[in-house]
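Understanding the architecture of this molecule
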Amino acid sequence: HYPYASHANTNYAVGASIIPGIMLTKDTMVYTRLGVQANRFNHTGNAVQFGNQLGLGLQTKISTKWDIRAEYINVSNMANKHDGQLLLGLAYNFDF
């Protein structure tokens with residue numbers, strides 16, 4: 001429960017993650033997300049809240065260039081507040 005949840009807006013959020021994974025098949029990977037993030041909300045003045053990201057996901061190839069991804073991320077901040085996120089997405093594979 002966030003005390004300012006009804007009127008809190010994020011001024012900015014930045015983060016970085018590593019996503020190590022294990023191939024289950026030649027086209028499907030299960031992975032974890034380990035990361036950190038920083039958020040600045042309009043109700044905290046100049047204070048920045050730091051937190052971590054822990055997640056588990058599955059990514060599978062749907063064509064030669066495209067993958068589909070499903071991931072659950074638990075985001076927590078230093079005040080021990082937790083927020084779960086379920087993400088679905090597409091990833092494009094560039095040729096280098």
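Anything mentioned here points back to the structure above.
Along each chain, residue indices are assigned from 1 in the same order as the chain's sequence is written. Where local features are concerned, this predicted model is filtered to residues with pLDDT of at least 70; where side-chain atom pairs are given and counted, the filter is 80 or more; whole-chain, interface and lining totals use all residues. Hydrogens and water molecules were not included; the side-chain quantities draw on all heavy atoms of the structure.

So, the pattern of salt bridges
Under the convention used in this document: For this document, the term salt bridge refers to a Lys or Arg side-chain nitrogen within 4 Å of an Asp or Glu carboxyl oxygen.
According to the stated counting rule, one finds 4 salt bridges in the structure shown. Across the pair D67 and K61 runs a salt bridge, and its minimum N-O distance is 3.7 Å.

Thoughts on the environment of R69
Quick note on the threshold: Each helix is a run of DSSP H or I of at least 4 residues and each strand a run of E of at least 2, with the numbering of both proceeding from the N terminus. Whether two residues are in contact is decided by their heavy atoms, any of which lying within 4.5 Å being enough. Under the rule applied, a polar contact is a pair of N or O atoms within 3.5 Å (in protein, one hydrogen donor and one hydrogen acceptor; residues adjacent in sequence only if both atoms are side-chain atoms).
Positionally, R69 belongs in strand 5 (residues 66–77). Separated by 22 residues in sequence, R69 and A91 place their C-alpha atoms 7.3 Å apart. Not counting the four nearest positions on each side in its chain, R69 is found in contact with I19, Y31, R33, L58, Q59, L87, L88 and G89. At 3.4 Å, the side chain of R69 forms a polar contact with the side chain of Y31.

Focus on the pairing of strand 5
Spelled out, the test is: Should DSSP find at least two bridges between two strands, the strands are taken to pair.
Where strand 4 (residues 49–61) meets strand 5, 11 bridges bridge the pair, whose relative direction is antiparallel. Note that in strand 5 the partner of T60 across the bridge is I68. The antiparallel pairing of strand 4 with strand 5 creates a hairpin that spans 4 residues between the two strands. Sheet topology note: the strand 5/strand 6 (residues 82–92) ladder contains 11 bridges and is antiparallel. The partner of W66 across the bridge, within strand 6, is Y92.

Geometric descriptors of this kind do not, in isolation, establish any biological role.
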